[in-house]
Amino acid sequence: MKKFSLKVTGMSCGHCELAVKNALEDLGAAHVSASYENNLVEFEIEESKLDAVKAEITELSYTVA
């Protein structure tokens with residue numbers, strides 16, 4: 001697994017953070033941390049799944065910058 005940090009905009013509350021966290025964990029990500037205040041999502045996952053992570057975040061109506 002590799003650690004990633006993504007700038008994610010559109011999150012505005014703790015519920016948004018939880019939605020992103022749960023979605024990434026469902027994809028197999030570990031140590032997921034989402035912060036709407038910092039527009040940041042940090043996690044560990046296999047590099048081959050990074051595109052799926054970005055697609056999932058976009059599907060939740062947030063923007064990966």
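Right above here is the structure, for reference.
Residues numbered from 1 in each chain as written. Predicted model: local features only at pLDDT ≥ 70, side-chain atom pairs only at ≥ 80, totals over all residues. Heavy atoms only, no water.

This part is about the nonpolar core. Soluble, globular proteins show a tendency: their nonpolar side chains are buried together. Core analysis: the biggest nonpolar cluster contains 17 residues, and Met11, Val20, Leu24, Val41, Phe43 and Ile57 have the highest contact counts within it. When contributions to this core are tallied by element, the ones reaching two or more residues are β1 (2-9), α1 (14-26), β2 (30-35), β3 (40-45) and α2 (50-59). (Core = buried A, V, L, I, M, F, W, Y, C linked by side-chain atoms within 4.5 Å. Buried < 20%, exposed > 50% of the residue type's maximum accessible area, 1.4 Å probe, protein only. Helix = DSSP H or I, 4+ residues; strand = E, 2+ residues; numbered from the N terminus.)

Let's shift gears to unusual backbone geometry. The phi dihedral of His31 falls on the positive side, at around 55°, and the residue is not glycine. The topology assignment puts His31 in strand β2. Take His31: its relative accessible area is 63%, and that puts it in the exposed class. Positive phi, normally seen in glycine, also occurs at Asn39, with a value near 50°. Relative to the helices and strands, Asn39 resides in the loop between β2 and β3. Residue classification places Asn39 among the partly exposed positions, given a relative accessible area of 24%.

Let us look at the pairing of β3. Burial along β3 is one-sided: the residues Val41, Phe43 and Ile45 are buried and none of Leu40, Glu42 and Glu44 is. In the sheet, β1 pairs with β3 via six bridges, with the strands oriented antiparallel. Within the sheet, the bridge partner assigned to Lys7 lies in β3 and is Leu40. The antiparallel hairpin formed by β2 and β3 contains four residues in its connecting segment, where Asn39 sits at a positive phi of about 50°. (Pairing = 2+ DSSP bridges.)

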